[in-house]
Amino acid sequence: MASEDSKLISLVEKASEGDRRSVGRLLTLVERGGDSAEQVAEATHTLSGKSHIIGITGAPGAGKSTLTACLARDLAVSEYKPAVLAVDPSSPLTGGAILGDRVRMEEASEAGAFIRSMATRGHAGGLALAVPGMVRVFDAFGFNPIIIETVGVGQVEVDVASAADTVVVVVTSGWGDAVQANKAGLLEIADLFVVNKADRPGASDARRDLELMIDLSQLTGQAVRRPEIVMTTATEGEGLDEFKKAIFEHKELLFEGEQISIRRSKRWKAEVRSRLDYLLSEVAKESIENLEEEKSSSPGAVARKIAKNLLKKDELR
Amino acid sequence: MNKKEDAPIRIVLAKLGLDGHDRGLKVVARMLRDAGMEVVYLGLRQTTEMVVTAVEQEDADAVGISMHNAGHLTLAPRIVKALEDAGLDVPVVVGGIVPESDLEAMSEAGVAGVLGPGSSAEDVATCVREAVAARGE
Ligand code: B12
Ligand SMILES: Nc1nc2c(ncn2[C@@H]2O[C@H](COP(=O)(O)OP(=O)(O)OP(=O)(O)O)[C@@H](O)[C@H]2O)c(=O)[nH]1
Ligand SMILES: [Mg+2]
């Protein structure tokens, strides 16, 4: 145990001196969970909180990676030290995953951005359970901004909203067709919209559809601030300057008022919640592992009985 | 707390230089995913430095290189050495077109396993698992 402790201390020390391999190892410790993850969390918690966290989300294939790569490269060649956390889905059957986002990030990597790929490992919501902890590692060791690319999402995977300071929703032409009200989830979390693949026909229609939807949500009072819309062709780097500008404007808006602390305390709570959910679901999993079928009781009644036992409560809400 | 037992193996897969045969690499990526591994796919036209950087940042447990352009006797040892020089203790496995007469040289160069055409999903997964397990000891 003592040697484990000193190993961790030396990793943290080396990471603070800029050793990227140690950062990579610390990320793994957090990703694996358990005791060492807690220790890394303790060690990095107080060092973090300085970085701007950008979340990039949108449908599969919308161009999230290409756009992330453009942004990270551009920042890396100027005065920033960006990191990217790119999340891809794990196969629910085998637990394996193909993490393919890095393919598009070669130039960003060569320019000095730290790129880390990860799998969801069974977590729903578009991110992995360990994302906030891994972001904290990057934050603690001076990476700024930190860009999170979510898995390709539909409309309900909106975890990124509580994980990032600035949420970018990437759409493409055709997105508007299937939209209607059911894209509300993504619509509500966006601080900034990117209509990517502007080189393709239909991009300006997509923009107009978006404007209409935003108008609507403004009418119903859902959105607080009208999100900006930027058009990009990520493969050509077109629109990148406007994209960057919009991100930095949102950042300034956040950091100049109380917004940032409100968001971050929400985030803190969301993270506690997601860890709690996880712990509880593990307990639930354990308690039904050897459960025998009771033909006479309904599944709901059995669940309530187990919950009462676990929580040592006589009554449930 | 042993990584090899409870966390999935993370492997970086790449092709080096101008060799455009990426069909095998794609097949292998699927095979390894289906064996429960996490595959960081780099794809075509990688350099030694790109592979080393990826291993470092991704904290990978293994590297898999697919080679079809008869460059394996130069490129494979170069990767093994570059990883060693960077202080990264990860095994390198190679697949593709490697003549039988080169197998000994590959092994001497520190390549942990070599597989050729017709390898099954089982062969591929076992090759990687054994290479990782051998390092873990
Ligand atoms: C399809 C093919 C092509 C396609 C490639 C398409 C693509 N995107 O991949 C095209 C037409 C483009 C092509 C072009 C060329 N090809 Co070609 N091609 C082939 C062919 C017929 C099949 C390769 C293949 O896809 N096999 C199917 C996959 C699934 O098998 P695999 O790659 O062997 O992978 C398996 C194992 O090797 C192993 N494996 C592979 N990688 C890895 C990695 C790891 C980590 C692990 C664990 C295992 C593993 O597991 C896989 C599953 O079993 C082979 C002949 C052959 N029989 O192999 C020639 C062959 C590879 N080509 C050859 C040549 C010379 C060329 C060309 C130079 C010119 C030419 N003569 O056509 C060009 C070069 C192009 C370039 N830029 O590099 C030669 C190579 C000779 C050599 N190395 O000594 C071969 C061997 C043909 C021959 N007998 O001459 N080719
Ligand atoms: N025409 C055009 N193609 C683009 C543009 N941006 C990205 N692409 C292409 O769209 C495809 C998907 O791009 P990615 O960046 O991988 O998309 P993604 O959203 O990260 O995809 P997932 O991570 O798989 O959900 C690639 O083939 C890109 O080259 C663009 O602006 N115009
Ligand atoms: Mg992507």
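Cut-offs applied
Residues numbered from 1 in each chain as written. Chains lettered and ligands numbered in written order. Predicted model: local features only at pLDDT ≥ 70, side-chain atom pairs only at ≥ 80, totals over all residues. Heavy atoms only, no water. Donors = N, O, S within 2.8 Å, 3.2 Å for Na, K, Ca; no water. Helix = DSSP H or I, 4+ residues; strand = E, 2+ residues; numbered from the N terminus. Buried < 20%, exposed > 50% of the residue type's maximum accessible area, 1.4 Å probe, protein only. Axes fitted to C-alpha atoms, helices over the stretch in contact; angles between N-to-C directions. Parallel < 35°, antiparallel > 145°, perpendicular 65-115°, else oblique. Contact = heavy atoms within 4.5 Å. Nonpolar A, V, L, I, M, F, W, Y, C, P; charged D, E, K, R; others polar. Pairing = 2+ DSSP bridges. Buried area = accessible area lost by both parts, 1.4 Å probe. Salt bridge = Lys/Arg side-chain N within 4 Å of Asp/Glu carboxyl O. Polar contact = N/O pair within 3.5 Å; in protein donor to acceptor, adjacent residues only side chain to side chain.

Asker: Give a detailed account of the coordination of the magnesium ion (ligand 3), specifying residues and quantitative values.
Answerer: All names here are of chain A. In this structure, Ser-65 (OG), Asp-101 (OD) and Glu-149 (OE) serve as the protein donors to the magnesium ion (ligand 3), at separations of 2.1 to 2.2 Å. Sequence spacing of the donor residues for the magnesium ion (ligand 3), all on one chain, is S-x35-D-x47-E. Of the two residues, Asp-101 sits in the loop between strand 3 (97-99) and helix 5 (106-110) while Glu-149 sits in strand 5 (residues 146-149), which places them 48 residues apart along the sequence. Just as Asp-101 is buried, Glu-149 falls in that class too.

Asker: Report on the packing of helix 4 (residues 64-77) of chain A against helix 10 (residues 240-256) of chain A, specifying residues and quantitative values.
Answerer: All names here are of chain A. Here helix 4 crosses helix 10 at 80°, and the two axes come no closer than 11 Å. Here helix 4 lies roughly perpendicular to helix 10, going by the angle between them. Where helix 4 abuts helix 10, its residues Leu-67, Cys-70, Leu-71, Asp-74 and Leu-75 lie against Leu-240, Phe-243, Lys-244, Ile-247 and Phe-248. Among the residues making up the contact of helix 4 with helix 10, the classes are represented as eight nonpolar, no polar and two charged.

Asker: Talk me through the pairing of strand 7 (residues 192-195) of chain A; I want residue IDs and the actual numbers.
Answerer: All names here are of chain A. Because side chains alternate across strand 7, one face comprises the buried residues Leu-192 and Val-194, and the other comprises Phe-193 and Val-195, equally buried. In the sheet, strand 7 pairs with strand 8 (residues 228-231) via four bridges, with the strands oriented parallel. Looking at the pairing, Leu-192 lines up with Glu-228 of strand 8.

Asker: Give a description of unusual backbone geometry that names residues and reports values.
Answerer: Note on backbone geometry: most residues besides glycine have negative phi, and most peptide bonds are trans. Residue and element names in this part refer to chain A. Backbone torsion omega between Asn-144 and Pro-145 reads -5°, so that peptide bond is classified as cis. Within the element layout of this structure, Pro-145 appears in the loop between helix 6 (131-140) and strand 5. Even without glycine at this site, Lys-197 takes up a positive phi of about 60°. Within the element layout of this structure, Lys-197 appears in the loop between strand 7 and helix 9 (203-219). Classification of Lys-197 by relative accessible area gives partly exposed; the value is 23%.

Asker: Quick one: what's the story with the interface of chain B and chain A, residue by residue and with numbers?
Answerer: The interface is formed by 28 residues belonging to chain B together with 30 residues belonging to chain A. Summing both sides of the interface, chain B and chain A together bury roughly 2,300 Å²; the carbon and sulfur share of this comes to 51%. Counting across the chain B and chain A interface gives four salt bridges. Between Arg-25 of chain A and Asp-59 of chain B there is a salt bridge; the shortest N-O distance is 3.1 Å. For the pair chain B and chain A, the interface holds 16 residue pairs in polar contact (both at pLDDT 80 or more). Mapped onto the side of chain B that touches chain A, the elements with two or more residues apiece are helix 2 (23-34), strand 2 (38-46) and helix 3 (48-58) of chain B.

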